[in-house]
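Reading the structure
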Amino acid sequence: MRLVTGIFESNVDEKGRFLLPSRMRQALDTKVLYVLPGFDENHLMLMTPSYFEDRFSQAVLSSDDAMFSEDKRSLIRRLLSPAIEIELDSAGRINIPLKMREEYGILNKSQVTLLGVGYAVEVWNSETYAEILKKEENKETLSELAGKLIAGGK
């Protein structure tokens, strides 16, 4: 899998499907993806099976005491348990299950914003994403964020 980058808009049709842009499909290089909740809890993430199974889920489950930690069990329930495999159709469209789409505001005949974030594709209701961008305008500059990251901050 190559790095997945780019920001795209896609329309959700009357059957709940939306097109994954060809550039993202090429970077992901698979017809099967995992869909799971995003970390910010107001979007979804799409990951390749190999990344999800070999790296992502292992990072969540990696410690020997995962089953004995309340926080880790909660993370597993909220992040890994809802994850499901979905297939792209022959036209490159995705159909996320209705319950999951409704929970994240991805409704029929709405618009989604797709963000390539390196290891995954974030799927946002476009209105929600626009609100997030407005909130982030008043936060740190890119330079400040990069400085924090390099310095080991959060």
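All figures in this text were calculated on a predicted structure; none of them were measured in a lab. (Residues numbered from 1 in each chain as written. Predicted model: local features only at pLDDT ≥ 70, side-chain atom pairs only at ≥ 80, totals over all residues. Heavy atoms only, no water.)

1. Observations concerning the sheet that holds strand β1 (residues 4-11)
Quick note on the threshold: Note: two strands are recorded as paired if DSSP finds a minimum of 2 bridges between them. What counts as a helix is a DSSP run of H or I of at least four residues, what counts as a strand is a run of E of at least two, and both are numbered from the N terminus. Here an axis means a line fitted to C-alpha atoms, over the contact stretch when the element is a helix, while the angle between two N-to-C directions is reported on a 0 to 180 degree scale.
One open sheet accounts for six strands, arranged β1-β7-β8-β4-β3-β5; its pairing is antiparallel. Only two strands of the sheet have a single partner each, and these edge strands are β1 and β5 (84-87). Averaged over neighbouring strand pairs, the angle between their axes works out to 25 degrees when direction is ignored. Where strand β3 (residues 32-37) meets β5, four bridges bridge the pair, whose relative direction is antiparallel. Bridging across to β5, V35 finds its partner in I84.

2. Focus on the packing of aromatic side chains
Two descriptors summarise a pair of aromatic rings, namely the distance from one centre to the other and the angle between the planes of the rings. Stated formally: Each pair of aromatic rings taken from Phe, Tyr and Trp, with Trp reduced to its six-membered ring, is defined by centres within 6.5 Å and is described as stacked if the planes are under 30 degrees apart, edge-to-face if over 60, and tilted in the remaining cases. Think of it in three bands: with a 1.4 Å probe and only protein chains considered, a residue is buried below 20% of the maximum accessible area for its type, exposed above 50%, and partly exposed in between.
According to the stated counting rule, one finds five aromatic pairs in the structure shown. Their ring planes at 25 degrees and their centres at 4.1 Å tell us that Y34 and F52 sit as a pair that is stacked. One end of the pair, Y34, is in strand β3; the other, F52, is in helix α2 (residues 49-61), and 18 residues separate them in sequence. This pair shows no difference in class: Y34 is buried, exactly as F52 is. Measuring from centroid to centroid gives 6.0 Å for F52 and F56, while their planes differ by 25 degrees, and the two rings are stacked. Placement of the pair is F52 and F56 together in helix α2, with a separation of four residues, close to one helical turn. Just as F52 is buried, F56 falls in that class too. Ring pairing ties together the aromatic residues Y34, F39, F52 and F56, which thus form one cluster.

3. Brief notes about the packing of α2 against helix α3 (residues 70-80)
Inclusion rule: Every angle not falling under 35 degrees, over 145, or within 65 to 115 is termed oblique; those three ranges are roughly parallel, roughly antiparallel and roughly perpendicular. Note on contacts: a residue pair qualifies if any of its non-hydrogen atoms lie within 4.5 Å across the two residues. Gly is put with the polar residues, along with every residue not named as nonpolar or charged; the nonpolar set is Ala, Val, Leu, Ile, Met, Phe, Trp, Tyr, Cys and Pro, and the charged set is Asp, Glu, Lys and Arg.
Running from amino to carboxyl end, α2 crosses α3 at an angle of 150 degrees, the nearest separation of the two axes being 10 Å. Judged on the interaxial angle alone, α3 and α2 are roughly antiparallel. Packed against α2, whose contacting residues are F52, F56, S57, V60 and L61, the element α3 presents L75, I76, L79 and L80 at the interface. Taken together, the residues of the contact of α2 with α3 sort by class into eight nonpolar, one polar and no charged.

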